[in-house]
Amino acid sequence: MTPRTAWLALLLLTAALWAPTHVQASQFMLQGYVEDAQGEPLAGAQVTVVDGIRTYGAETDAEGYYRLGYEPTRNKASVYALHGDPETGVYGHLPQLKEISTEGEGRWVNFTLPPAATVKMVGQIKPVETTRTIRLYTVKALDPATGTQLKAGNLSLVYGSASQALSGTLGLSPDTLILPLGTPMVLEFRSQTEIAPRTTRYWGFGTPYDQQVEKIMSFTISEGELSTLTEGQVLELDYRKYSLAKDMQQVRSSLNYTDARLSELEAEGFYVTAERFDLKEAVEQLEGAEARLAEDEYEACYVDLSSAYIGLAVLNERLGSLVTEASISVKALIAFVALTAVVLGSFVTERRMVSLAVSFVSFALMAAYLYKVYPGSPLITVEEFVAFSLVSISLFAVPLAVTRLAGSGSGWFSQRVGEWVSMLSFGKRNLRRRKLRFAFTFLPIMLLTMSFVALTSLSSGYGLVSQWITNADPDASGILVRMNEYVPETEFEKGQFYAVIQAAVDWVSSYEGVTSVALKAENRPQVRALATVDG
């Protein structure tokens, strides 16, 4: 035998001896029996081994025996046992969990499954706070007295679609719950991701969408039947009954808050009659939702409750904008009153000091009236009101006092100022020659100014504030083709283009058969052709 042949033979012998030993050392054999509480074997029970991110499964035979071999990657594993009918979704025994060591060649693991009942949750959860679908959630069985989680042995009863739920590991539907018998319990639903609220910004006021606080959706399912379950029973509960009841409490709380807020604004002198009508409409919608919930009309209840929630959200943002506009507009009114006072002072006399004195006195009277009557005045401090008043009257009075000096020069600007002073002086002399006309001019100007302030305090918008909204291209693409002989049939089909409001989207999305809503974008009428369609 040559050295080369000897080395090859030795290599083959080593491989032959090593390979079986390696397979035998890495193979772990798990076996045992699955039986019920009376010791009867459970045929068709599922035994699942979780080894890290890998799972292995086996099924018991008619004797309740199972055998499962696998190659462990860790020194510990979790073994689950479950018995039921996946096709019908009926499970008469509680699942069990055992933690085992994978050291050695194998292990016997037997399971005894206690009797149980099945609870099937139905209905689509649609919180009024958002239009998004809740995809990740848990449903936990809790002790109503202590709030602790219920367990089957050392297995916490947590179901749902989240990663920490049993449903995925056991191959259960997320909405199928296997619960113990004769045990007082409540079920807690909790979303596992924060839910972004609706955006209901009112004319630029309110909280921007990307700054709104996201919330966890949670509610409790409490039914007396949960504590009296019998073996093999299937109980069907509707998510919507409990989620709508939770949302109804939230809307009721929001309604009470809005009512108190309106009362505070009314006490401060704000005119909120229109807002009271909106609040009344929300109350009627909430009462309608309560009546429909009592009759198990969940879809109609959601529509009414969602409408009430949106209405209250818009109303509260409108109240916020009302207060904001009033606090800003009071400064604009101060400036307007200051200008009026300076003009009145210039009508009295051409003597500078007397004119300024009349301006300051008339301004003080009108400013005091403004602070007393206008609801926006208490929204700023007295010190701020006085400071802004002094700045305003100074800005208008000082330039008027020095116009004569500016009008005495020979430049173009001085000539224009001189012409303006001459015209104003002519008007003043004309008024002073006619004392009655002067009285009927001076007094109505003050009365009209104060009347303007009073009327402004009764407006629903309190707005001397405006906002420019720029055009924005819609986030959509497509083309709408209409026949040349198209005849409009309704007032909405006359070439006018209306923005799709969120409430309309919510209304369509509220029905259970609707999975998504796509907004159709229409272009503004164009003279030139946008596209050519052949055929």
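Everything below is about the structure printed above this text.
Residues numbered from 1 in each chain as written. Predicted model: local features only at pLDDT ≥ 70, side-chain atom pairs only at ≥ 80, totals over all residues. Heavy atoms only, no water.

Draft legend 1. The arrangement of the overall build of the protein in detail. In terms of regular secondary structure, the protein is built from 11 helices and 17 strands. Sequence separation of 24 or more characterises 69% of the internal contacts of the protein that already satisfy a separation of 6 or more. Per element, the accessible surface of the protein, about 31,000 Å² overall, is 58% carbon and sulfur. (Helix = DSSP H or I, 4+ residues; strand = E, 2+ residues; numbered from the N terminus. Contact = heavy atoms within 4.5 Å. Areas by Shrake-Rupley, 256 points an atom, 1.4 Å probe, with all protein chains shown as cover.)

Draft legend 2. Structural context of helix H6 (residues 352-373). Along its 22 residues, H6 runs 31 Å from first to last C-alpha, staying within 8% of the 32 Å computed at 1.5 Å per residue. Listing the buried residues of H6 in full gives Ser355, Leu356, Ser359, Ser362, Phe363, Met366, Ala367 and Leu370. All buried residues of H6 project into a common sector of 140 degrees when viewed along the axis, lining one side. Away from its buried face by more than 90 degrees, H6 exposes Met353, Val361, Leu365 and Lys372. (Expected span 1.5 Å × (residues − 1). Buried < 20%, exposed > 50% of the residue type's maximum accessible area, 1.4 Å probe, protein only. Arc of directions from axis to C-beta.)

Draft legend 3. Seen up close, the pairing of strand S3 (residues 54-59). Sheet analysis places strand S2 (residues 46-51) next to S3, joined by 6 bridges and oriented antiparallel. Paired with Thr48 across the two strands is Gly57, which belongs to S3. Here S2 hands over to S3 after 2 residues, with Gly52 in that stretch at a positive phi of 70 degrees. (Pairing = 2+ DSSP bridges.)

Draft legend 4. Region of the structure containing the sheet that holds S2. The 4 strands are arranged S3-S2-S5-S6 in an open sheet whose pairing can be described as antiparallel. Of all the strands in the sheet, just S3 and strand S6 (96-101) have a single pairing partner and so form its edges. Going across the sheet, the axis of each strand differs from the next one's by a mean of 20 degrees, ignoring polarity. Two strands pair when backbone bridges link them, and strand S5 (residues 76-82) and S6 are joined in this way by 6 bridges, in the antiparallel orientation. Looking at S6, one finds that Ser78 is bridged to Glu99. (Axes fitted to C-alpha atoms, helices over the stretch in contact; angles between N-to-C directions.)

Draft legend 5. Fine view of a nonpolar patch on the surface. A surface patch of nonpolar side chains, about 410 Å² in accessible area, is lined by Leu339, Val343, Val391, Leu395 and Phe396. A total of 3 residues in the nonpolar patch trace back to one element, the largest contributor, which is helix H7 (residues 382-401). Turning to its location among the elements, Phe396 is positioned in helix H7. Its relative accessible area of 31% is what places Phe396 among the partly exposed residues. (Patch = residues over 30% accessible without salt bridge, like charges linked within 9 Å, V, L, I, M, F, W, Y side chains within 5 Å. Salt bridge = Lys/Arg side-chain N within 4 Å of Asp/Glu carboxyl O.)

Draft legend 6. Spotlight on the nonpolar core. Grouped together as the largest cluster of nonpolar side chains are 43 residues, with contacts concentrated most on Leu244, Met248, Val251, Leu305, Phe363 and Phe385. Those elements that provide at least two residues to this core are helix H3 (239-267), helix H4 (273-294), helix H5 (298-348), H6 and H7. In terms of residues, this core owes the most to one element, H5, which gives 19 residues. Apart from residues lying up to four places away in sequence, Leu305 is in contact with Val128, Leu244, Asp247, Met248, Val251, Leu286 and Ala289. Grouped together as the second largest cluster of nonpolar side chains are 37 residues, Leu82, Leu94, Ala117 and Ala141 included. (Core = buried A, V, L, I, M, F, W, Y, C linked by side-chain atoms within 4.5 Å.)

Draft legend 7. Region of interest: the pattern of salt bridges. Evaluation of the coordinates by the stated rule reveals 12 salt bridges. Put simply, Arg190 and Glu188 hold a salt bridge, and the shortest N to O gap is 3.7 Å. Two residues, Lys241 and Glu223, come together in a salt bridge whose shortest N-O distance is 2.9 Å. Of this pair, Lys241 sits in helix H3 while Glu223 sits in the loop between strand S16 (218-221) and strand S17 (234-238); the two residues are 18 residues apart in sequence, bridging distant segments of the chain. Here the salt bridges share partners, and the residues they tie into one network are Lys126, Asp238, Arg240 and Glu299.

Draft legend 8. Expanded view of the packing of aromatic side chains. The final tally for this structure, using the stated rule, is 10 aromatic pairs. Geometry around Phe388 places Lys331 over its ring, the cationic atom sitting 6.0 Å from the centre. (Phe/Tyr/Trp six-rings, centres within 6.5 Å; stacked < 30°, edge-to-face > 60°. Lys NZ or Arg CZ within 6 Å of the ring centre and 35° of its normal.)

Draft legend 9. Up close: the side chain of Asp304. For Asp304, the position within the fold is in helix H5. Assessed through its relative accessible area of 18%, Asp304 is described here as buried. Once you skip the residues sitting within four places of it in the chain, Asp304 turns out to touch Gln285, Gly288, Ala289 and Arg292.

Draft legend 10. Up close: the sheet that holds strand S9 (residues 116-122). Pairing is mixed across the open sheet formed by 3 strands, whose spatial order is S14-S9-S17. With one partner strand each, in any of the chains shown, strand S14 (176-180) and S17 form the two edges of the open sheet. Pairs of neighbouring strands in the sheet enclose a mean axial angle of 30 degrees, with direction left out of account. Pairing of S9 with S14 involves 5 bridges; the strand directions are antiparallel.

Draft legend 11. Local environment of the side chain of Thr102. With respect to the helices and strands, the residue Thr102 is situated in the loop between S6 and strand S7 (106-108). Not counting residues within four places of it along the chain, the set of residues in contact with Thr102 comprises Phe28, Tyr70, Pro72, Arg74, Asn75, Lys76 and Ala77.

Draft legend 12. H3, seen in detail. Between its terminal C-alpha atoms H3 stretches 42 Å, which fits the 42 Å expected from 29 residues at 1.5 Å a residue. Where H3 is concerned, the buried positions are Tyr239, Arg240, Tyr242, Ser243, Leu244, Asp247, Met248, Val251, Leu255, Thr258, Leu262 and Leu265. A positive phi of about 100 degrees marks Gly269, the residue just after H3.

Draft legend 13. Representation of the packing of H3 against H4 within the structure. With their axes 11 Å apart at the nearest point, H3 and H4 run at an angle of 160 degrees to one another. Between H3 and H4, the angle is such that the two are roughly antiparallel. The two elements H3 and H4 cross, and the hand of that crossing is left-handed. Residue-level inspection shows Lys241, Leu244, Ala245, Met248, Val251, Arg252, Leu255, Thr258, Asp259, Leu262, Ser263 and Glu266 of H3 in contact with H4, the latter providing Glu275, Arg276, Leu279, Ala282, Val283, Leu286, Ala289, Glu290 and Leu293. Its residues assigned to classes, the contact of H3 with H4 shows 12 nonpolar, 2 polar and 7 charged. (Parallel < 35°, antiparallel > 145°, perpendicular 65-115°, else oblique. Left-handed = near helix turned anticlockwise from the far one by under 90°. Nonpolar A, V, L, I, M, F, W, Y, C, P; charged D, E, K, R; others polar.)

Draft legend 14. Molecular detail of unusual backbone geometry. Of note, the phi angle at Asp296 is positive, near 60 degrees, even though the residue is not glycine. For Asp296, the position within the fold is in the loop between H4 and H5. Classification of Asp296 as partly exposed rests on a relative accessible area of 48%.

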